[in-house]
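# Chain and residue survey
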Amino acid sequence: VRFEPPLPDAAWARLLSSSSIALVTLKDAASKTSIPSKTFSAMAAGNAVVAVAPAGSDLAAVVARERCGAVVSPGDVDGLVHALRDLCLHPEALGLARDRSRRAVAARYDVRVLAGRWLAVLTAATTRPRALRLLMAIVKRALDVGVALAGLVVSAPLLGVLAAAIRVTMGSPVCFRQERPGRGGRPFR
């Protein structure tokens, strides 16, 4: 057993790569909000994990789900001794836990895997199904026509007054047709 103060990243990586078992602790207050990042570093390095954490914590759930070590309740000294002794005295169990750690990180906790999962969530959140896009287009068109029609009804009296003023001051016709170039140079009226 070796206890270390906080280490720089390179020294931490060397220590993990030369270790078989990592001891990770978690306070009760952080039991549902945190998994110490060193847990995943240890798992990636192929360490079995002995987690001293509340039974219902996220950390305990990861270690139990991945079957990569043992979970010990905080304050259970005998349980910690037993977990460490079991791993040390049963090399095949230790090897299996270490292998499960490596495979779990590669399959579920690697940065590329997590980034892909985030991308899938964001894509799903921003991609609308075809039926929803069609419904939105219909609603938008109905809203456009409704607002335009309401605008014409509201502005009709003013347009009528303006049409009468143009007729009196400029003569007929108030509305007229004229040929104009359109799309592709084709004229339209």
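Above: the structure in question.
Here goes a summary of the coordinates provided. Everything numeric in this text was worked out from a predicted model, so none of it was measured.

Calculation criteria
Residues numbered from 1 in each chain as written. Predicted model: local features only at pLDDT ≥ 70, side-chain atom pairs only at ≥ 80, totals over all residues. Heavy atoms only, no water. Helix = DSSP H or I, 4+ residues; strand = E, 2+ residues; numbered from the N terminus. Expected span 1.5 Å × (residues − 1). Buried < 20%, exposed > 50% of the residue type's maximum accessible area, 1.4 Å probe, protein only. Arc of directions from axis to C-beta. Contact = heavy atoms within 4.5 Å. Pairing = 2+ DSSP bridges. Right-handed = clockwise from strand over helix to strand, strands pointing away.

## Some thoughts on helix H4 (residues 77–89)
An α-helix turns once every 3.6 residues. As a result, residues three or four positions apart point the same way. The first and last C-alpha atoms of H4 sit 18 Å apart over 13 residues, in line with the 18 Å expected at 1.5 Å per residue. Looking at H4, one finds that the buried residues are Gly79, Ala83 and Leu87. Projected down its long axis, H4 shows its buried positions confined to an angular sector of 65°, all on one face. Opposite its buried face, H4 presents the exposed residues Val77, Asp78, Cys88 and Leu89, each directed more than 90 degrees away. Of the surrounding elements, those touching the buried residues of H4 are strand E1 (21–25), strand E2 (48–52), strand E3 (69–72) and helix H5 (91–109).

## Description of the pairing of E2
Most of E2 sits inside the fold, with five of its five residues counted as buried. Neither face of E2 is exposed, since Ala48, Val50 and Val52 on one face and Val49 and Ala51 on the opposite face are all buried. Note: E1 against E2, five bridges, orientation parallel. Paired with Ala22 across the two strands is Val49, which belongs to E2. After leaving E1, the chain enters helix H2 (residues 37–44) and then returns to the sheet as E2, a path that is right-handed. With four bridges connecting them, E2 and E3 associate as parallel partners. Bridge pairing links Val50 to Ala70 in E3. Read as a crossover between parallel neighbours, the route from E2 over helix H3 (residues 58–66) to E3 is right-handed.

## Details of unusual backbone geometry
Across the junction of Ser172 and Pro173, the peptide omega takes the value -15°, indicating a cis bond. Along the polypeptide, Pro173 turns up in the loop between helix H7 (130–170) and strand E4 (180–181). Even without being glycine, Arg67 reaches a positive phi, approximately 50°. Its place among the elements puts Arg67 in the loop between H3 and E3.

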